[in-house]
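Geometric and topological summary
Spelled out from the first residue to the last, the chains are:
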Amino acid sequence: MADRSAFADVAEELKGRPALARAETIPSAWFTEPRFHQLDSEAIFARTWQGVGNEGRLAELGSWFVADVAGDPVVVVRDRSGELRAFYNVCRHRGGPLATADGCGRVLQCEYHGWTYQLDGTLRGVPHWNLVELFDREDYGLVPIQVQSWEGQIFVNLDPGAVPLDQVLRGISERISPVRPGQMQNYRRVEYDVRANWKVYVENFLEGYHVPIVHPELMNLYDYSSYETEVSEYWSLQHSPLTEDEHIYGKGGRAYYYCVFPNFMLNILPGRLQTNLVVPVARDRCRVVFEYYYADTESEAARVRIAEDLEFADHVQDEDIGICEHVQRGLSSRGYDRGRFSVKYEGGVFHFQNRLRRAYGDWIESGNERHAPEPLDPQQDDVGIRFPTPEVES
């Protein structure tokens, strides 16, 4: 567990937050020093809704899959009645694993000493236990974790006092209607290892400022002059109309890029959904998990478009990985500590850094107690505003 006494400098940094036009970026140390890797686990990932998979992985009653959240092993279950459940993947006997791989069955059995649990978490079987005194099985059920789903995506939250998932995602379904992500078909999962802090990758996603330089091909897809950023309490949105010229997603249409704090993205284009989950690995490493969903995966025309989309997305991802890895080295340089924000293009980054500050501050002030963070102040954090349509800056 991170030591709060090691973050006195962070507490000082949290005092006062200028408006976007006057604000500086967070210190480079927050991206580079090892102590912040543990801080992120405690203050961010153990207290926020974390995407762990899609409901297709639990299509059968009695199925489960395993995940890791903030360093804790988790098992997500579809019990025999169809209810979605999640537990710490830890036997109450001596900490053995209940599952080390996805599976399906009537019970979960510890892979260490064989204790068995019903899929609702109650302890059922304890081998060779007849000599143990003062033991009640009801006291040794699995420890549950909050789990909820949205549009086919499953999220867990280790914080029992966290705000409900529907409050975090409020407004997204209505905004993207008639698109229904939960009705799209899961097609492929791709993982990328990135030699950069997870915050570097997320911030790169959150702004279109770099697009003309790093992704010149995207300029043929978007109406970049109409590119806008909006932020709400828990998420930010970048959106733009697509050009009226023929492209791999058809002709015209609109692109929506959501980032749900801290690390879950929805990339929505006509006929296609792409989710991204950014997973911290080390202070200077992260893993990005892409899941691709399509409205049509069967027709010949759809297969051609999917192949083009996957190839194009992989190319864009290579460009993003390259620049993020260069930025990580730059943040580690003696020649850099802080920068400034483009008001027109980097409102999403500013919003993310303010949420980060709030999460750090909440953790520092709250001791070991875990609870939902205070809501952001719209007057200080630009919640709910729409940033102006970008113009080319000289």
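Details of the structure are given in the entry above.
Residues numbered from 1 in each chain as written. Predicted model: local features only at pLDDT ≥ 70, side-chain atom pairs only at ≥ 80, totals over all residues. Heavy atoms only, no water.

The number of helices and strands found in the protein is 10 helices and 19 strands. Here the C-alpha atoms of the protein give a radius of gyration of 22 Å, agreeing with the 21 Å that 2.2 N^0.38 yields for 394 residues. Projecting the C-alpha coordinates of the protein onto the three principal axes gives extents of approximately 80 × 60 × 35 Å. With 394 residues in all, the protein has 53% of them scored as buried. By element, 48% of the accessible surface of the protein is carried by carbon and sulfur atoms, the whole surface being about 18,200 Å². Of the charged side chains in the protein, 40 are positive and 61 negative, and the gap between their average positions amounts to 2 Å. (Helix = DSSP H or I, 4+ residues; strand = E, 2+ residues; numbered from the N terminus. Rg over C-alpha atoms; globule rule 2.2 N^0.38 Å. Buried < 20%, exposed > 50% of the residue type's maximum accessible area, 1.4 Å probe, protein only. Areas by Shrake-Rupley, 256 points an atom, 1.4 Å probe, with all protein chains shown as cover. Lys, Arg positive; Asp, Glu negative; His and termini not counted. Charge placed at Lys NZ, Arg CZ, Asp CG, Glu CD.)

Packed helices, taken two at a time, are described by their axes: the angle between them and the distance between them. Put simply, helix H3 (residues 34-45) and helix H9 (residues 347-366) touch, their axes get as near as 9 Å, and they point 85° apart. Judged on the interaxial angle alone, H9 and H3 are roughly perpendicular. For the pair H3 and H9, the contacting residues are Phe36, Leu39, Asp40, Glu42, Ala43 and Ile44 in the first and Leu356, Ala359, Tyr360 and Trp363 in the second. (Axes fitted to C-alpha atoms, helices over the stretch in contact; angles between N-to-C directions. Parallel < 35°, antiparallel > 145°, perpendicular 65-115°, else oblique. Contact = heavy atoms within 4.5 Å.)

Here we take up the packing of helix H6 (residues 198-205) against helix H8 (residues 300-331). It is at 9 Å that the axes of H6 and H8 come closest, and there the two elements cross at 125°. Judged on the interaxial angle alone, H8 and H6 are oblique. Where H6 crosses over H8, the two elements pack in a sense that is right-handed. Residues Val200, Tyr201 and Asn204 of H6 form the contact with H8, whose own contacting residues are Gln317, Asp320, Ile323, Cys324, Val327, Gln328 and Leu331. Of the residues assigned to the contact of H6 with H8, the class counts are 6 nonpolar, 3 polar and 1 charged. (Left-handed = near helix turned anticlockwise from the far one by under 90°. Nonpolar A, V, L, I, M, F, W, Y, C, P; charged D, E, K, R; others polar.)

We now examine the sheet that holds strand S10 (residues 153-157). Taken in spatial order, the 3 strands line up as S1-S10-S9 in an open sheet, and their pairing is antiparallel. The sheet terminates laterally at strand S1 (50-54) and strand S9 (146-150), the two strands that pair on one side only. Pairwise comparison of adjacent strand axes, ignoring direction, gives a mean angle of 30° for this sheet. One ladder, built from 5 bridges, connects S9 with S10; its direction is antiparallel. (Pairing = 2+ DSSP bridges.)

This part is about the pattern of salt bridges. Inspection of every chain in the model, using the stated rule, returns 23 salt bridges. Glu151 is the salt-bridge partner of Arg180, the closest N and O atoms lying 2.9 Å from each other. With Arg180 in the loop between helix H5 (172-176) and strand S11 (185-194) and Glu151 in the loop between S9 and S10, this residue pair connects regions lying 29 residues apart in the sequence. With a relative accessible area of 44%, Arg180 lands in the partly exposed category. Put simply, Arg189, Glu191, Asp193, Arg287 and Glu291 are held in one network by salt bridges that share partners. (Salt bridge = Lys/Arg side-chain N within 4 Å of Asp/Glu carboxyl O.)

Cis geometry marks the peptide bond from Ser177 to Pro178, where omega comes out at 15°. Positionally, Pro178 belongs in the loop between H5 and S11. A cis amide bond, omega 10°, links Phe261 with the succeeding residue Pro262. Checked against the element boundaries, Pro262 lands in the loop between strand S16 (254-260) and strand S17 (264-269). Residues other than glycine seldom take positive phi values, yet Ala70 does so here, at roughly 55°. Mapped onto the fold, Ala70 is located in the loop between strand S2 (63-69) and strand S3 (72-78).

The subject of this paragraph is the pairing of S10. Within S10, 5 of the 5 residues are buried, which leaves the element mostly enclosed by the surrounding structure. With burial as the criterion, each face of S10 is covered, one bearing Gln153, Phe155 and Asn157 and the other bearing Ile154 and Val156. Pairing between S1 and S10: 4 bridges, direction antiparallel. From the neighbouring strand, Gly53 faces S10, where its bridge partner is Ile154. Joining the antiparallel neighbours S9 and S10 is a turn of 2 residues, in which Glu151 adopts a positive phi near 50°.

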